[in-house]
Amino acid sequence: MQECNRSQKIAICTVGLPARGKTYISRKLNRYFNWLGYKSRVFINGNYRREICGTECNSLFFDPNNEEAQKARSDCAKMALQDLIQFLKNGGDIGILDGTNITKERRHQIESDLKSSFNGIQTLWIESICNDSKVIQNNIRLTKINNPDYCNMDSEQATIDFLNRIKMYEQIYKTITDDEDLSYIKTMNVGADIIVHQVYGFLLSKVVSFIMNLHTYPRPIYLSRHGESQYNVDDRVGGDSDLSELGEMYADKLADFFNQEFPTKEIKNEIIFLTSTMRRAIHTSDVVAQKLEIQPLQLKTLDEINVGICDGMTYTEIAQKFPNDFQERKINKLGYRYPRGESYLDLISRIEPVIFEIERSRQPVMIIAHQAILRCLYAYFHQNEIPEVPTLDIPLHCVIKLTPAAYFCDEKRVMINPQTGEISIKEEYVQEFIRSKSKQKSFIDL
Amino acid sequence: MQELGKQQKMVIGMVGLPARGKTYISRKICRYLNWMGFKSKVFNIGNYRRQICGTDCNSNFFDPGNKDASKARDECALLALNDMINYLRNEGDVSLYDGTNTTKQRRKLIMETLQQKFSEVQVFWVESICNDEDVILRNIQLTKLNNPDYIGKSSEEATQDFQQRIEQYTKVYEPIDMDENISFIKIIDIGNDIMIYNIQGFLQSKLVSYLMNLHIYPRPIYLSRHGESQYNVLHKVGGDSDLTQTGLMYAKQLGKYFVQELEGNRNIKMFTSTMQRALHTSNEVCELLGVEYYSLKALDEINPGICDGLTYQQIADKFPQDYEERKMNKLTYRYPRGESYLDVISRVEQIIFEIERSRLPVIVIAHQAILRCLYAYFHEHEVPEIPKLNIPLHQVIKLVPAAYYCKETRIKIDPMTGNWEIQDEATIKKVKSFLDL
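None of these values were measured; they are calculated from a predicted model.

**Re the pairing of strand β7 (residues 221-225) of chain A**
Residue and element names in this part refer to chain A.
- Burial analysis of β7 places five of its five residues in the buried class, which makes it a mostly covered element.
- Side chains Ile-221, Leu-223 and Arg-225 project from β7 onto one buried face, and the interleaved Tyr-222 and Ser-224 project onto a second face that is buried too.
- Relative to strand β10 (residues 365-369), β7 runs parallel, the two sharing five bridges. Counted as the bridge partner of Ile-221 is Val-365 from β10.
- In the sheet, β7 pairs with strand β11 (residues 398-404) via four bridges, with the strands oriented antiparallel. Its bridge partner being in β11, Tyr-222 is matched across the sheet by Lys-401.

**Quick notes on the confidence of the model for chain B**
Residue and element names in this part refer to chain B.
- Taken as a whole, chain B shows an average pLDDT of 90; of its residues, 96% reach a score of 70 or greater.
- Taken together, the stretch residues 427-437 has pLDDT below 50 and engages in 14 contacts with residues farther than four places along the chain or on a different chain.
- This prediction of the complex comes with two scores: 0.89 for pTM and 0.86 for ipTM.

**Structural notes on the pairing of strand β10 (residues 362-366) of chain B**
Residue and element names in this part refer to chain B.
- Along β10, five of the five residues are buried, which leaves the element largely enclosed by surrounding structure.
- Residues Val-362, Val-364 and Ala-366 of β10 are buried on one face, and the alternating residues Ile-363 and Ile-365, pointing to the opposite face, are buried as well.
- Relative to β10, strand β7 (residues 221-225) runs parallel, the two sharing five bridges. In the strand pairing of β10, Ile-221 is matched with Val-362.
- Inspection of the sheet shows strand β8 (residues 269-272) paired to β10 by four bridges, in the parallel sense. The partner of Phe-271 across the bridge, within β10, is Val-364.

**Here we look at the sheet that holds strand β1 (residues 10-15) of chain B**
- The mixed open sheet is built from twelve strands, whose spatial order is β2(A)-β3(A)-β1(A)-β4(A)-β5(A)-β6(A)-β6(B)-β5(B)-β4(B)-β1(B)-β3(B)-β2(B). Looking at the sheet topology across the chains shown, the edges are occupied by β2 (40-44) of chain A together with β2 (40-44) of chain B. Looking at each pair of strands side by side, their axes are set apart by 15° on average, direction ignored.
- Pairing of strand β5 (residues 184-188) of chain A with strand β6 (residues 193-197) of chain A involves five bridges; the strand directions are antiparallel. Considered in β6 of chain A, the bridge of Tyr-184 of chain A is made with His-197 of chain A.
- The strands that helix α3 (residues 67-90) of chain B touches are β1, β2 and β3 (94-98) of chain B; relative to β3 of chain B, the one it contacts most, it runs at about 170°.

**Focus: the sheet that holds strand β13 (residues 420-424) of chain B**
Residue and element names in this part refer to chain B.
- Spatial strand order, β9-β8-β10-β7-β11-β12-β13: seven strands in an open sheet with mixed pairing. The open sheet has two free edges, formed respectively by β9 (294-295) and β13, since each of these has just one partner strand.
- This element, helix α13 (residues 341-357), spans β7, β8 and β10 of the sheet and lies at about 165° to β8.

**Quick look at the pattern of salt bridges**
- Under the criterion given, the structure shown has 40 salt bridges over all chains.
- When the shortest N-O distance is used, the salt bridge between Lys-291 of chain A and Asp-256 of chain A registers 2.6 Å. Of this pair, Lys-291 of chain A sits in helix α11 (residues 279-292) while Asp-256 of chain A is found in helix α9 (residues 245-261), placing the two residues 35 residues apart along the sequence.
- A salt bridge links Arg-357 of chain B to Glu-354 of chain B, with the nearest nitrogen and oxygen atoms 3.2 Å apart. With a gap of three residues between them, Arg-357 of chain B and Glu-354 of chain B both fall in helix α13, about one helical turn apart.
- Overall, Glu-354 of chain B belongs to the buried group, its relative accessible area being 2%.
- Within the structure, one salt-bridge network assembled from shared partners comprises Arg-49, Arg-50, Asp-149 and Arg-165 of chain B.

**Observations concerning the UniProt feature "binding site: substrate" (unreviewed entry) in chain A**
Residue and element names in this part refer to chain A.
- The feature "binding site: substrate" (unreviewed entry), as annotated in UniProt, sits at Arg-225, His-226, Gly-227, Glu-228, Ser-229, Gln-230, Tyr-231, Asn-232 and Arg-280 in this numbering. For the annotated residues, spread through 56 residues, the largest C-alpha to C-alpha distance comes to 14.0 Å, consistent with a single compact locus.
- The residue Glu-228 is located in the loop between β7 and α8 (230-234) in this model.
- For Glu-228, a relative accessible area of 17% translates into the label buried.
- Here Glu-228 is in contact with Val-233, Leu-243, Ser-244, Leu-246, Gly-247, Leu-396 and His-397, once residues within four sequence places are set aside.
- Within the local environment of Glu-228, its side chain forms a polar contact with the side chain of Ser-244, the two groups lying 2.5 Å apart.

Definitions and limits used
Residues numbered from 1 in each chain as written. Chains lettered and ligands numbered in written order. Predicted model: local features only at pLDDT ≥ 70, side-chain atom pairs only at ≥ 80, totals over all residues. Heavy atoms only, no water. Buried < 20%, exposed > 50% of the residue type's maximum accessible area, 1.4 Å probe, protein only. Helix = DSSP H or I, 4+ residues; strand = E, 2+ residues; numbered from the N terminus. Pairing = 2+ DSSP bridges. pLDDT = per-residue confidence, 0-100. Contact = heavy atoms within 4.5 Å. Axes fitted to C-alpha atoms, helices over the stretch in contact; angles between N-to-C directions. Salt bridge = Lys/Arg side-chain N within 4 Å of Asp/Glu carboxyl O. UniProt positions renumbered as here; feature names shortened; annotations may be inferred. Polar contact = N/O pair within 3.5 Å; in protein donor to acceptor, adjacent residues only side chain to side chain.

Shown next as structure tokens:
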């Protein structure tokens, strides 16, 4: 559907006091757009400020009466906006400006700069409002304390300074009003309440639906392939083959694993359990379903990629019978569509409703499906670049547990030996990811 | 995905002054839900009032000071409520309570009654607010003047009386407040402003997305199959065959039809599938029109799995059991390794949104099963009828959304001669009682 709606450039700007989830929303939207195939990028005011003014800025830097600091901050904001405009001019589709933008003057300036730089650009303002001090404290704890601004302070000091910083902003905060003539979305109470004003267009309507479904409940998402199938053994693609003996053993051990993972009946009943309509997935799911006493939902949307005329062949046979296609697929595995079949891009389009459902759910999600499908799902949550999707490593007999944290996903891989039931675990934490990212040259790319 | 929403029954309550589009919205929602597989029904309080109190009610009947009338109206509201609950208890998934429900007291009464009689039900409110006098007048002209309440009155009389009726309601109108603690969506000035509060669950979330895309621009929707294909001639299913000579001629004549129909307007949206027969048909049309089309895999013909490339006779011979199964339940039968009509409905949903959202004329050049699903949505056919709907080759179906239904015109185009034959469908339906309105 993307091609239908690529005509106009889009700029999305956030509004709100610090610790209101602006960066969370920006990053989520950015991820969603990129995954759908749009060229999207986030431009974070705070990062520009850190890069140019340094990170030794305590709350006094944010005093609206501190003229020197105000000028510096204003210059940084201008730079971020200029980079956004350049990005859109150089082939970008969607630019997201992540900043507080809490004064009418600032918003008016940005809106006119954007409108004057392009012949036809859609702008959308997203204001995040939160008055629940518990939520704010939690946000501060989760995202600010590890922020480069506070690497030299202990967490108590950091929190106090940050709360002072918020007070500085509060002095001049003006919520968006209709007379500013902006298209906007106001989200309150973490997406439970939303006000939409003059928002039109395919993508922007999707933004509203998407934001409606966001939340910060840290529920886990479990992804696993079906157990080894006959076709896996024969190295064939497609088909609707059943489990091999080894695959059946995996199903058993998988059921045991989940049984331990969800200790009580209440927790089990809460699980959203999804699988495909193909034999190998259904049989794996049935074994798990029996042990946990829950029922899976069989969705055709989760069926493996349709390999069209190559159904039932081995890769060698494909290389021999259709050498041109074989080459084409090697060069562009992402966009290559099997004749009478699908491409990875078709898959991504196909499973979008499932992504929405998973985002929306506040209960644990368990999906037993297929390699190509899981590559797409995994890539979305783990924020992989789209071109990587067709080559991601999603092996058989492995459960991937993703736990969404503030800006990224914690990942835990549980390899289960189908014969012995032996488990080996590999974990990757958010902190490592951030640390590895901050070794980058500039904060702007964070 | 529907299964995700089937866990709880749901009541959708409408709120708003008269002539604010409540019935339009509730019928749209009902149509969408039924099409998606949720059994839904609209309970229009006005119809109950007409049935019980008669249609000779002028605006004085609606005066909040008129105690007798108020009592009668309350009774009608509760009657409708009871019928609604019974429907949900028996076969329904979603009930729509279409009435003004303009006071906090009335809404509270409904919430409490539901809590008492059917506590497991989810309740969701849709309030339509409109302050544009032109829109309101237009609504009155389009829908009220043909209303049974005003039979035998001149349109001037009727309009005046109706406006007085609106004033009666306005005296006591209390828009939904957040402290009423109910889940709601407020649609203001046909979607210019939207407020969403406390939305819960799969279905409510979907409905909000749906409602955000509705509008009342009367743009036409054109549906056509590709021209005759090789497989059509051989009576084979599936495949990715190309057009025959006849099919190609149809494509060219189709292009000529649109050139005349659209009168040089290039501001249209055209969708087609990724299959050769549809692409080649669309190519011809687009060349003549000077527009571009969007080729979507979601519009590809139903996948007949292992039966691909076989004739119906061959299917009956090779897979007699499947053949019988399909005959008995063509809607849910899924070809082995293929799809069912229900799968297609699911797949085509995003196209429905796209068409609803569009304020420009829409042309869809696709395939029989696909068009059956799309057509059924717009023309309000019952879902079980879908697999049998008549969507022949070489015919354009033009749908123009009017107040509560779609005006349909069928244009048969002869591929050889290019002659058109137009068939207009009578749009006024007969109703047995006001309750069916």
